[in-house]
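Listed below are the residues making up each chain.
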Amino acid sequence: MTMLNRRTLFTSTAAAATIAQDTFLGRSAQAANRLDVEPRGTIGRLERLPRLDLESQHDFITGFRQFVNGEMTRAAEARINALLKAKGLDPTSDLPIDTILEHTANDPVIANSARSWLSAQQLSWRTLRNEFHGNKDAYLSEMEAADKSGPGSLELNPGIELPDYTRHEIHIQPGGYVGDPFAGHSYLYGTNNFYTGRNNQDELHITLANVLPLPADGKVIRILEQGTSCGQLAVALKQRFPNAEVWGIDCGGPMVRFAHMRAADLGVEVHFAQRLAEDSKFPDNHFDIITNNIMFHEVSPEGIHAVLKESMRTLRPGGVYFPIDFFTGSPPSKTAFSKFRSWWDSRWNGEPWRLEYAAFDFNGAMLKAGFDVNENGPAARPGSKSNVMGTKRA
Amino acid sequence: MATSKSDLKGYTTDFIKSDTDKAVFLGNPLMDDMMTALINLGAETWANRRRVKIIEMLFEKNGKISREMVEAYMPTPEQEKQMQVERDEFIRTAFGHFARGATDIVALSTLNPTSKK
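Computed from a predicted model, the values in this text were never measured in an experiment.

Caption draft 1: Inspection of the overall build of chain B at higher detail. Within chain B, the regular secondary structure consists of three helices and zero strands. In chain B, the succession of helices and strands from N to C terminus is α-α-α. Relative to its 117 residues, chain B shows a buried fraction of 16%.

Structure follows, in structure tokens:
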């Protein structure tokens, strides 16, 4: 079978144009010499799904998600607005979610839009789980071969005591981040079709890495990404800051194990560790930049305060804290449809703290933790004009 | 600190299970199951159509095919783009009615507006 050369393909990828290339020359020498399960080769950074039919199923899911997110969602939004107006309610006003649900939840158009989205999500997870668990010996052997390989390193902490909020099946991913040995595998491909193909080459993470603001003195020796999941942002950060020591931590052992394997396979030196963002074990004043991406909306309010406190402790004076999530750049929409979608995501897509996060005074929590807060940091998320950033007073 | 650990037993842990597999949105669990089955069949149908398309492209290019060639085939960007157009047409053909919104329903018993009352 013809294998594709990742180096050749990657260096021709337009998405990589804005990052430093000298640290990213394709598969590392170590990776080339160890077990690497990629029977259908790679496209740039992406290891192709290992069977044509699985790839095609996920191609369908990608297209189906676009259809559901587009036409079906517009029909559902129109229906919600019409139903509320028929009851004399203004769907653009800040209605309580109970009122919105009372008048809309049983409508067949709205319900079927939700059903379709959910069934596609379930299909995505099930097909991935079947593949990786159905061939677990090969995939476990591949990870074992990568565990002690470099570049970069892996630290797993099997005895780690996890807070309950980390143990849910976020996004209804079977086993969540902590209970499935192939959580990282599934997360990568599941989010690839969630992003409808727009992040297959880590394009979104590269964009985020490139907007990250620097400390005023310009010194960037150590960077931490909290809640690193598959390590895509951490990899992009190492590429932007090739001389920095980059760490990615996550509560999920399977997540960092996969992240390490993927980064090592790509030849990027990142240190991954299974640790809690609120109990990171790093020394005081250690990092020049700490960041995270779409993490906080999956953390309980108590957890957010604890993570911010730990971030303040481990950031060095003059360092930058740059959290990126739904509302770090723009406030939550108050329309009835937006509130319905947030509620639905919370209830049916395994996002238990989504609504609490939307109501959470995040900037106030950063101030309480001791950060100097600038609400007009560089824009990060698509469509936002700014993003909140914190600095630790020098 | 940055050392690997070889003992990996127990690095997965208990999790809190979602109840989403019990969700019934359409008033009758069989209706939900039917919708799920349709979507799953859509994925299976598209996988078969894509396989046939790849077989045709390989045959046209090489005059011969093997299972390995089909599995490993990498469409060109142009082919990929064309297949995505076909995929989206297939999805609209199969599922487009579900997006009609049903805000202006005409019931079965409605008289033809051109007929005499």
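Caption draft 2: Just the sheet that holds strand β7 (residues 287–293) of chain A, in detail. Residue and element names in this part refer to chain A. Spatial strand order, β3-β6-β5-β4-β7-β8-β10-β9: eight strands in an open sheet with mixed pairing. Every interior strand has two partners, whereas the edge strands, β3 (153–155) and β9 (372–377), have only one. Across the sheet, the mean angle separating the axes of adjacent strands is 20 degrees when strand polarity is ignored. Packing of helix α11 (residues 301–314) onto the sheet brings it into contact with β4 (222–226), β7 and β8 (315–324), and relative to β8 it is tilted by some 145 degrees.

Caption draft 3: The arrangement of the confidence of the model for chain B in detail. Residue and element names in this part refer to chain B. Mean pLDDT over chain B: 87, with 83% of residues reaching 70 or higher. Predicted confidence is poor over residues 1–7, with pLDDT under 50, and the contacts of this stretch with residues over four places away or in other chains come to 13 contacts. If you check the scores for this complex, the pTM reads 0.90 and the ipTM reads 0.89.

Caption draft 4: Just unusual backbone geometry, in detail. Residue and element names in this part refer to chain A. For the bond running from Gly 150 to Pro 151, omega is 0 degrees, close enough to zero to count as cis. Looking at where Pro 151 falls in the secondary structure, it is placed in the loop between α6 (136–147) and β3. At His 171, a position not held by glycine, the phi torsion is positive, near 60 degrees. Its place among the elements puts His 171 in the loop between β3 and α7 (183–194). On the basis of neighbour counts, which here come to 21 C-beta atoms within 10 Å, the residue His 171 falls in the buried class.

Caption draft 5: Looking closely at helix α12 (residues 336–348) of chain A. All names here are of chain A. With 13 residues, α12 ought to run about 18 Å at 1.5 Å a step, and its terminal C-alpha atoms sit 18 Å apart, in line with that. Buried-residue contacts for α12 involve α3 (52–86), α4 (97–104), α5 (108–134) and α13 (354–358). Looking at the residues trailing α12, positive phi occurs at Gly 350, about 65 degrees.

Caption draft 6: The arrangement of helix α8 (residues 203–211) of chain A in detail. All buried positions along α8 of chain A are accounted for by Leu 204, His 205, Ile 206, Leu 208 and Ala 209 of chain A. Buried positions along α8 of chain A lie against α9 (232–240), β7 and β8 of chain A.

Caption draft 7: Fine view of the pairing of β7 of chain A. All names here are of chain A. When you tally the buried positions in β7, you get seven out of seven residues, the bulk of the element. Bridge count for β7 against β8 is six bridges, and the pairing is parallel. Bridge assignment links Asn 293 to a residue of β8, and that residue is Ile 324. As a crossover connection, the stretch from β7 through α11 into β8 is right-handed.

Caption draft 8: Local environment of the packing of α3 of chain A against helix α3 (residues 77–95) of chain B. Packing of α3 of chain A against α3 of chain B brings their axes to within 10 Å, and their N-to-C directions diverge by 60 degrees. What the angle tells us is that α3 of chain A and α3 of chain B run oblique. Once α3 of chain A is placed against α3 of chain B, the crossing between them reads as right-handed. Facing α3 of chain A, whose interface residues are Asp 59, Phe 60, Gly 63, Phe 64 and Phe 67 of chain A, α3 of chain B presents Arg 87, Asp 88, Ile 91 and Phe 95 of chain B. In terms of residue class, the contact of α3 of chain A with α3 of chain B is made up of five nonpolar, one polar and three charged.

Caption draft 9: How the structure looks around the interface of chain A and chain B. Counting residues at the interface gives 56 residues for chain A and 46 residues for chain B. Within the residue set of the side of chain A that touches chain B, elements represented by two or more residues are α3, α5, β3 and α10 (253–266) of chain A. Top contributing element to the side of chain A that touches chain B by residue count: α3 of chain A, with 16 residues.

Caption draft 10: Region of the structure containing the environment of Asp 284 of chain A. Residue and element names in this part refer to chain A. By secondary structure assignment, the location of Asp 284 is in the loop between β6 (271–274) and β7. For Asp 284, a count of 9 C-beta atoms within 10 Å corresponds to the exposed category. Between the alpha carbons of Asp 284 and Ser 311 there is a distance of 9.5 Å; along the sequence they are 27 residues apart. Excluding residues that lie within four positions of it along the chain, Asp 284 makes contacts with Arg 313 and Thr 314.

Caption draft 11: Region of interest: the nonpolar core. Counting residues in each nonpolar core, the largest one holds 75 residues, and the members touching the most others are Ile 223, Leu 237, Met 255 and Ile 289 of chain A. Per-element tally for this core: the top contributor is α10 of chain A, with eight residues. Setting aside residues up to four positions removed in sequence, Leu 237 of chain A forms contacts with Ala 209, Ile 223, Glu 225 and Val 246 of chain A. Core analysis: the next-biggest nonpolar cluster, separate from the first, contains 33 residues, Phe 60, Ile 110 and Leu 118 of chain A together with Ala 47 of chain B among them.

What counts and how
- Residues numbered from 1 in each chain as written.
- Chains lettered and ligands numbered in written order.
- Predicted model: local features only at pLDDT ≥ 70, side-chain atom pairs only at ≥ 80, totals over all residues.
- Helix = DSSP H or I, 4+ residues; strand = E, 2+ residues; numbered from the N terminus.
- Buried ≥ 20, exposed ≤ 12 C-beta atoms within 10 Å, placed from the backbone.
- Pairing = 2+ DSSP bridges.
- Axes fitted to C-alpha atoms, helices over the stretch in contact; angles between N-to-C directions.
- Contact = placed C-beta atoms within 7 Å.
- pLDDT = per-residue confidence, 0-100.
- Expected span 1.5 Å × (residues − 1).
- Right-handed = clockwise from strand over helix to strand, strands pointing away.
- Parallel < 35°, antiparallel > 145°, perpendicular 65-115°, else oblique.
- Left-handed = near helix turned anticlockwise from the far one by under 90°.
- Nonpolar A, V, L, I, M, F, W, Y, C, P; charged D, E, K, R; others polar.
- Core = buried A, V, L, I, M, F, W, Y, C linked by C-beta atoms within 7 Å.

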